[in-house]
Amino acid sequence: MAAPSVFLVMVSGQIESAEFPEFDDIYCKYCFSYGLDWAITSGLEESITQITKKSRDQYQRFVWNFPIDATFKSTSPAGWPQLVVYAYGLDVFGTDVVRGYGVCHVPITPGRHRLKIPMFVPESSSLFQKMTAWFLGRRPEYVNPRVVAQGEGREVTRVRSQGFVTVSFNVIMKDMKKLGYDVQPSDVQNPTIPDNVNTTVAAS
């Protein structure tokens, strides 16, 4: 029997909810960004959620529970897939305005994972541009949202933190060990962590 030439990473889960205390009526889009050696064999590379209102309880969350489902194949972990999420809402003029961009890597161990992704928005580079953008209803946003998953050019972008999006992942891997990559289930790698260490927020 021939040895496998590729490994598979199967990702399912949900864009669960978001926290944007200043806003209401928000929807979310997502897409995957990955290296040249990777390809999607099934599932959706990008999609869009329904519009939802902020909950009226003390949490004030936007709840979507929108499904994510994709299977990737590759021969190398380089360019490991990242999930890019970007939220939109309506401003006072009824115009779609970006409320935040965020990114996280698909978890690199099998099992169930839940991440809280910090969101940010691009800022105008001057007060005049900021006022012009507000009057015209055209706020700064990225032409290609996948740019937030790349390092090139981001250092010249002025951004402001704004909200969080919570995402859950179920990750299954096939044939990684046969290609020489050793992974452990996340429930095996679960040491005791001190109370003062925050493990819920994904690095952007």
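Here is what the cut-offs are and how they apply
Residues numbered from 1 in each chain as written. Predicted model: local features only at pLDDT ≥ 70, side-chain atom pairs only at ≥ 80, totals over all residues. Heavy atoms only, no water. Helix = DSSP H or I, 4+ residues; strand = E, 2+ residues; numbered from the N terminus. Buried < 20%, exposed > 50% of the residue type's maximum accessible area, 1.4 Å probe, protein only. Contact = heavy atoms within 4.5 Å. Areas by Shrake-Rupley, 256 points an atom, 1.4 Å probe, with all protein chains shown as cover. Pairing = 2+ DSSP bridges. Phe/Tyr/Trp six-rings, centres within 6.5 Å; stacked < 30°, edge-to-face > 60°. Core = buried A, V, L, I, M, F, W, Y, C linked by side-chain atoms within 4.5 Å. Polar contact = N/O pair within 3.5 Å; in protein donor to acceptor, adjacent residues only side chain to side chain. pLDDT = per-residue confidence, 0-100. Salt bridge = Lys/Arg side-chain N within 4 Å of Asp/Glu carboxyl O.

### Looking at the overall build of the protein
Moving on, step 1. Along its length, the protein carries 1 helix and 9 strands.
Moving on, step 2. Going from N to C terminus, the protein has its helices and strands arranged as β-β-β-β-β-β-β-β-α-β.
Moving on, step 3. In the protein, which comprises 204 residues, the share counted as buried stands at 40%.
Moving on, step 4. Across the protein, every contact between residues at least 6 apart in sequence was considered, and the portion connecting residues at least 24 apart equals 76%.
Moving on, step 5. Surface accessibility of the protein: about 11,700 Å² in total, with carbon and sulfur atoms responsible for 54%.

### Regarding the pairing of strand β5 (residues 62–74)
Moving on, step 1. Pairing of strand β1 (residues 7–19) with β5 involves 11 bridges; the strand directions are antiparallel. Paired with I15 across the bridge in β5 is F66.
Moving on, step 2. Across 4 bridges, strand β3 (residues 39–43) lies against β5 in antiparallel orientation. By the bridge assignment for β5, S42 is matched with T71.

### Remarks on the packing of aromatic side chains
Moving on, step 1. Taken as a whole and judged by the stated rule, the model has 13 aromatic pairs.
Moving on, step 2. Geometrically, the ring pair formed by W38 and F72 is edge-to-face, given 6.2 Å between the ring centres and 75 degrees between the ring planes. In this pair, W38 is assigned in the loop between β2 (26–33) and β3 and F72 in strand β5, connecting sequence segments 34 residues apart. The same class applies to W38 as to F72, namely buried.
Moving on, step 3. An angle of 40 degrees between the planes, with centres 6.4 Å apart, marks the rings of Y101 and F120 as tilted. Taken as a pair, Y101 in strand β7 (residues 96–105) and F120 in strand β8 (residues 111–122) lie far apart in primary sequence, 19 residues in all. A single burial state applies to Y101 and to F120, both of which are buried.
Moving on, step 4. Feature note: the residues F7, Y30, F32, Y34, W38, F72, W80 and Y181 constitute an aromatic cluster, connected by ring pairs.

### Digging into the nonpolar core
Moving on, step 1. Counting residues in hydrophobic clusters, the biggest one holds 34 residues, and the most contacted among them are I15, F20, L83, V85 and F169.
Moving on, step 2. Only β1, β2, β5, β6 (82–90), β8 and β9 (159–174) provide two or more residues apiece to this core.
Moving on, step 3. Element by element, the count of residues in this core is highest for β5, at 6 residues.
Moving on, step 4. Grouped together as the second largest cluster of nonpolar side chains are 12 residues, Y86, Y88, V103 and V148 included.

### Focus on the environment of I108
Moving on, step 1. Residue placement: I108 occurs in the loop between β7 and β8.
Moving on, step 2. For the pair I108 and V9, spaced 99 residues apart in the sequence, the C-alpha separation amounts to 9.3 Å.
Moving on, step 3. Residues in contact with I108, not counting those within four places in the same chain, are W80, M173 and V183.

### Here we look at the side chain of R146
Moving on, step 1. Position of R146 relative to the elements: it lies in the loop between α1 (127–136) and β9.
Moving on, step 2. At 3.3 Å, the side chain of R146 and the side chain of E45 are in polar contact.
Moving on, step 3. Ignoring any residue separated from it by four or fewer positions in sequence, one finds R146 in contact with C31, F32, S33, E45, E46 and V84.

### Quick notes on the confidence of the model for the protein
Moving on, step 1. Averaged over all residues, the pLDDT of the protein is 82; the fraction at 70 or higher stands at 76%.
Moving on, step 2. Confidence over residues 186–200 falls short of pLDDT 50; this stretch has 10 contacts with residues more than four positions distant or in other chains.

### Quick look at the pattern of salt bridges
Moving on, step 1. Tallied over the full model, the rule gives 8 salt bridges.
Moving on, step 2. The shortest N-O distance in the salt bridge between R114 and E16 comes to 2.9 Å. Taken together, the positions of R114 in strand β8 and E16 in strand β1 put the pair 98 residues apart, joining distant regions of the chain.
Moving on, step 3. Judged by its relative accessible area of 9%, E16 falls in the buried class.
Moving on, step 4. When the shortest N-O distance is used, the salt bridge between D175 and K178 registers 3.6 Å.
Moving on, step 5. Residue D175 is classed as buried on the basis of its relative accessible area of 19%.

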